[in-house]
Amino acid sequence: MNYIINLFGTGIRYWHCEVDQDMFDEMNRIRIKNQVEWEIVLFNLEFLDYYGFSHWSELSSCPGKVGFLLDPQNRIEIKKGSKLITRFLANELDTDTTLFPLYDTSLIDVPIFENAHSKYFTLIQFEKGLIGKYKFESESFSIEQMHYGLSSIGKNKFLSQVQFGNTIIESNQEDGLVTGCEVIF
(Lines give C-alpha, C1' and ligand atoms only; values in the text may rest on other atoms or scores of the structure.)
Protein backbone atom coordinates (compact mmCIF):
# COMPACT_ATOMS: atom_id res chain seq x y z
CA MET A 1 0.00 0.00 0.00
CA ASN A 2 1.03 3.62 -0.59
CA TYR A 3 1.51 5.85 2.45
CA ILE A 4 1.95 9.62 2.51
CA ILE A 5 3.28 11.89 5.25
CA ASN A 6 2.52 15.61 4.85
CA LEU A 7 4.13 18.40 6.85
CA PHE A 8 1.98 21.56 6.88
CA GLY A 9 3.00 24.83 8.50
CA THR A 10 6.27 26.71 8.93
CA GLY A 11 9.65 25.32 8.05
CA ILE A 12 13.17 26.42 7.32
CA ARG A 13 15.56 25.97 4.44
CA TYR A 14 19.12 26.43 5.64
CA TRP A 15 22.64 26.57 4.29
CA HIS A 16 25.89 26.17 6.22
CA CYS A 17 28.12 28.79 4.64
CA GLU A 18 31.81 29.52 4.52
CA VAL A 19 33.34 32.80 3.36
CA ASP A 20 37.02 33.72 3.24
CA GLN A 21 37.85 35.81 6.32
CA ASP A 22 39.14 38.78 4.25
CA MET A 23 35.95 38.84 2.15
CA PHE A 24 33.84 38.55 5.30
CA ASP A 25 35.70 41.46 6.94
CA GLU A 26 35.06 43.62 3.85
CA MET A 27 31.38 42.67 3.88
CA ASN A 28 31.21 43.54 7.56
CA ARG A 29 32.78 46.99 6.97
CA ILE A 30 30.13 47.72 4.32
CA ARG A 31 27.38 46.44 6.63
CA ILE A 32 28.54 48.65 9.49
CA LYS A 33 28.97 51.68 7.20
CA ASN A 34 25.38 51.30 5.96
CA GLN A 35 24.08 50.46 9.47
CA VAL A 36 22.17 47.35 8.38
CA GLU A 37 21.74 43.85 9.79
CA TRP A 38 23.43 40.79 8.28
CA GLU A 39 20.08 39.61 6.86
CA ILE A 40 19.92 42.75 4.67
CA VAL A 41 23.45 42.17 3.38
CA LEU A 42 23.62 38.40 2.86
CA PHE A 43 20.15 38.04 1.30
CA ASN A 44 20.73 40.97 -1.11
CA LEU A 45 21.37 39.61 -4.62
CA GLU A 46 22.99 42.84 -5.89
CA PHE A 47 25.39 42.88 -2.95
CA LEU A 48 26.29 39.21 -3.45
CA ASP A 49 26.76 39.76 -7.19
CA TYR A 50 29.58 42.21 -6.38
CA TYR A 51 31.43 39.29 -4.75
CA GLY A 52 30.71 36.87 -7.60
CA PHE A 53 27.69 35.06 -6.13
CA SER A 54 24.38 34.99 -8.01
CA HIS A 55 22.42 33.63 -5.01
CA TRP A 56 22.98 33.22 -1.26
CA SER A 57 22.90 29.44 -1.64
CA GLU A 58 26.24 29.74 -3.46
CA LEU A 59 27.85 30.80 -0.16
CA SER A 60 27.54 27.14 0.83
CA SER A 61 29.41 24.21 -0.68
CA CYS A 62 26.48 21.90 0.18
CA PRO A 63 22.87 22.03 -1.04
CA GLY A 64 20.29 23.60 1.26
CA LYS A 65 18.49 21.40 3.76
CA VAL A 66 14.90 21.62 4.91
CA GLY A 67 13.54 21.42 8.45
CA PHE A 68 9.99 21.45 9.82
CA LEU A 69 9.72 23.68 12.89
CA LEU A 70 8.29 22.12 16.04
CA ASP A 71 5.72 24.89 16.43
CA PRO A 72 2.30 24.19 18.00
CA GLN A 73 0.43 25.39 14.89
CA ASN A 74 2.34 23.04 12.55
CA ARG A 75 0.73 19.69 11.80
CA ILE A 76 1.81 16.31 10.52
CA GLU A 77 -0.61 13.96 8.83
CA ILE A 78 -0.12 10.36 7.78
CA LYS A 79 -2.38 8.87 5.12
CA LYS A 80 -2.91 5.46 3.56
CA GLY A 81 -3.75 6.47 0.01
CA SER A 82 -6.37 9.19 0.51
CA LYS A 83 -7.55 7.88 3.91
CA LEU A 84 -6.27 9.76 6.97
CA ILE A 85 -4.57 7.47 9.51
CA THR A 86 -3.46 10.10 12.02
CA ARG A 87 -2.86 13.81 12.43
CA PHE A 88 -0.83 15.43 15.20
CA LEU A 89 0.91 18.70 16.03
CA ALA A 90 4.63 19.05 15.35
CA ASN A 91 5.42 20.15 18.91
CA GLU A 92 4.26 16.70 20.11
CA LEU A 93 7.59 15.39 18.74
CA ASP A 94 9.46 17.60 21.22
CA THR A 95 10.33 15.37 24.18
CA ASP A 96 11.21 18.45 26.28
CA THR A 97 7.50 19.21 26.68
CA THR A 98 6.29 15.74 27.72
CA LEU A 99 6.93 13.45 30.67
CA PHE A 100 7.05 10.43 28.36
CA PRO A 101 7.88 10.61 24.65
CA LEU A 102 4.80 10.28 22.46
CA TYR A 103 6.80 9.34 19.35
CA ASP A 104 10.14 7.69 18.60
CA THR A 105 12.62 10.54 18.20
CA SER A 106 16.35 11.14 18.38
CA LEU A 107 18.55 14.21 18.20
CA ILE A 108 20.67 14.69 15.09
CA ASP A 109 23.58 17.08 15.57
CA VAL A 110 24.07 19.84 13.05
CA PRO A 111 27.81 20.00 12.27
CA ILE A 112 29.80 23.05 13.37
CA PHE A 113 32.78 24.05 11.23
CA GLU A 114 35.88 25.98 12.21
CA ASN A 115 38.83 27.24 10.18
CA ALA A 116 41.06 30.18 11.06
CA HIS A 117 41.02 31.47 7.46
CA SER A 118 37.25 31.38 6.97
CA LYS A 119 34.09 32.66 8.60
CA TYR A 120 31.28 30.15 9.07
CA PHE A 121 27.60 30.99 9.50
CA THR A 122 24.17 29.58 8.72
CA LEU A 123 21.62 31.26 6.47
CA ILE A 124 18.01 30.42 7.26
CA GLN A 125 15.04 31.08 4.99
CA PHE A 126 11.63 30.68 6.68
CA GLU A 127 8.87 29.14 4.55
CA LYS A 128 5.16 28.51 5.08
CA GLY A 129 2.97 25.91 3.36
CA LEU A 130 3.62 22.28 2.47
CA ILE A 131 7.13 21.85 3.86
CA GLY A 132 7.49 18.21 2.94
CA LYS A 133 5.58 15.33 1.37
CA TYR A 134 6.99 11.86 1.95
CA LYS A 135 5.74 8.80 0.07
CA PHE A 136 6.59 5.19 0.79
CA GLU A 137 5.17 1.74 0.21
CA SER A 138 4.70 -1.00 2.76
CA GLU A 139 2.57 -4.12 3.18
CA SER A 140 1.79 -3.08 6.74
CA PHE A 141 2.05 0.10 8.77
CA SER A 142 2.22 0.93 12.45
CA ILE A 143 2.94 4.35 13.96
CA GLU A 144 5.58 2.61 16.13
CA GLN A 145 7.61 1.96 12.94
CA MET A 146 8.06 5.70 12.42
CA HIS A 147 11.19 7.47 13.68
CA TYR A 148 11.71 11.23 13.65
CA GLY A 149 15.13 12.90 13.71
CA LEU A 150 15.18 16.30 15.43
CA SER A 151 17.82 19.03 15.11
CA SER A 152 18.29 22.61 16.19
CA ILE A 153 20.06 25.70 14.90
CA GLY A 154 20.04 28.68 17.22
CA LYS A 155 16.56 28.86 18.77
CA ASN A 156 15.00 26.90 15.90
CA LYS A 157 14.18 23.30 16.82
CA PHE A 158 12.95 21.26 13.87
CA LEU A 159 12.19 17.89 12.34
CA SER A 160 15.12 17.11 10.05
CA GLN A 161 14.60 13.45 9.14
CA VAL A 162 11.71 11.00 8.71
CA GLN A 163 12.34 7.29 8.87
CA PHE A 164 10.09 4.27 8.38
CA GLY A 165 11.62 1.14 9.88
CA ASN A 166 15.29 1.27 8.89
CA THR A 167 14.71 3.39 5.78
CA ILE A 168 15.17 7.17 5.70
CA ILE A 169 12.41 8.66 3.56
CA GLU A 170 13.19 11.65 1.34
CA SER A 171 10.65 14.37 0.68
CA ASN A 172 9.51 14.40 -2.93
CA GLN A 173 7.40 17.56 -2.90
CA GLU A 174 7.41 21.01 -1.30
CA ASP A 175 5.20 24.00 -1.85
CA GLY A 176 6.12 26.86 0.44
CA LEU A 177 6.15 30.63 0.40
CA VAL A 178 9.23 32.46 1.76
CA THR A 179 8.25 34.55 4.80
CA GLY A 180 11.57 35.69 6.29
CA CYS A 181 15.26 35.11 6.77
CA GLU A 182 17.87 34.92 9.51
CA VAL A 183 21.67 34.71 9.80
CA ILE A 184 23.21 32.73 12.67
CA PHE A 185 26.89 32.91 13.54
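Residues numbered from 1 in each chain as written. Predicted model: local features only at pLDDT ≥ 70, side-chain atom pairs only at ≥ 80, totals over all residues. Heavy atoms only, no water.

So, on to unusual backbone geometry. If you check the backbone angles, Gln35 has positive phi at about 50° while not being a glycine. On the basis of relative accessible area, Gln35 is assigned to the exposed category, the value being 74%. (Buried < 20%, exposed > 50% of the residue type's maximum accessible area, 1.4 Å probe, protein only.)

Per the stated rule, a full pass over the model turns up zero disulfides. With no disulfide partner, Cys62 has as its closest neighbouring cysteine sulfur the one in Cys17, 9.7 Å distant. A relative accessible area of 44% places Cys62 in the partly exposed class. Here Cys181 is not disulfide-linked; the sulfur of Cys17 is the nearest cysteine sulfur, at 12 Å. (Disulfide = S-S within 2.5 Å.)

Under the definition given, this model contains 17 aromatic pairs. Ring centres of Tyr14 and Phe158 lie 5.4 Å apart, and the angle between their planes is 55°; this geometry places the pair in the tilted category. Residue Tyr14 is found in strand 1 (residues 2-20), and its partner Phe158 is found in strand 8 (residues 156-164); the two are separated by 144 residues along the sequence. Per residue, the accessibility class of Tyr14 equals that of Phe158, and both read buried. Note on Phe88 and Tyr103: the rings are 4.3 Å apart at their centroids and 20° apart in plane angle, and the pair reads as stacked. Here Phe88 is found in strand 4 (residues 83-89), whereas its partner Tyr103 is found in the loop between strand 4 and strand 5 (105-107), with 15 residues between them in sequence. Across the pair, Tyr103 and Phe88 agree in class, each one buried. Grouping aromatic residues by their ring pairs yields a cluster made of Tyr3, Phe136, Phe141 and Phe164. (Phe/Tyr/Trp six-rings, centres within 6.5 Å; stacked < 30°, edge-to-face > 60°. Helix = DSSP H or I, 4+ residues; strand = E, 2+ residues; numbered from the N terminus.)

Judged by nonpolar contacts, the single largest core of 22 residues is most densely connected at Ile5, Ile76, Leu93 and Leu159. The set of elements that each furnish at least two residues to this core consists of strand 1, strand 3 (75-80), strand 6 (118-137), strand 7 (146-153) and strand 8. For Ile76, the residues in contact, after removing those within four places along its chain, are Ile5, Asn6, Leu7, Phe68, Thr86, Arg87, Phe88, Ala90, Leu93 and Leu159. The next biggest cluster of nonpolar side chains, apart from the first, holds 18 residues, and it includes Phe24, Phe43, Leu59 and Val183. (Core = buried A, V, L, I, M, F, W, Y, C linked by side-chain atoms within 4.5 Å. Contact = heavy atoms within 4.5 Å.)

Its 13 residues give helix 1 (residues 21-33) an end-to-end C-alpha distance of 18 Å, which sits within 8% of 18 Å, the value for a rise of 1.5 Å per residue. All of the buried residues in helix 1 are Phe24, Met27 and Arg31. Seen from one end, helix 1 has its buried residues packed into an arc of 60°, which puts them on one side. Residues of helix 1 that are exposed and point over 90 degrees away from its buried face: Asp22, Arg29, Ile32 and Lys33. The inward-facing, buried residues of helix 1 abut strand 1, helix 2 (38-42), helix 3 (45-50) and strand 6. Downstream of helix 1 by one or two residues, Gln35 has phi in the positive range, about 50°. (Expected span 1.5 Å × (residues − 1). Arc of directions from axis to C-beta.)

For the structure on display, the rule yields five salt bridges. We note a salt bridge from Glu77 to Lys79, for which the minimum N-O separation is 3.8 Å. Residue class for Lys79 comes out partly exposed when judged on its relative accessible area of 22%. Note that Lys157 and Asp94 form a salt bridge whose closest N and O atoms lie 2.9 Å from each other. Here Lys157, found in strand 8, pairs with Asp94, found in the loop between strand 4 and strand 5; they are 63 residues apart in sequence, far enough to count as distant. Classification of Asp94 by relative accessible area gives buried; the value is 12%. Through salt bridges with shared partners, a single network forms among Arg13, Glu127 and Glu174. (Salt bridge = Lys/Arg side-chain N within 4 Å of Asp/Glu carboxyl O.)

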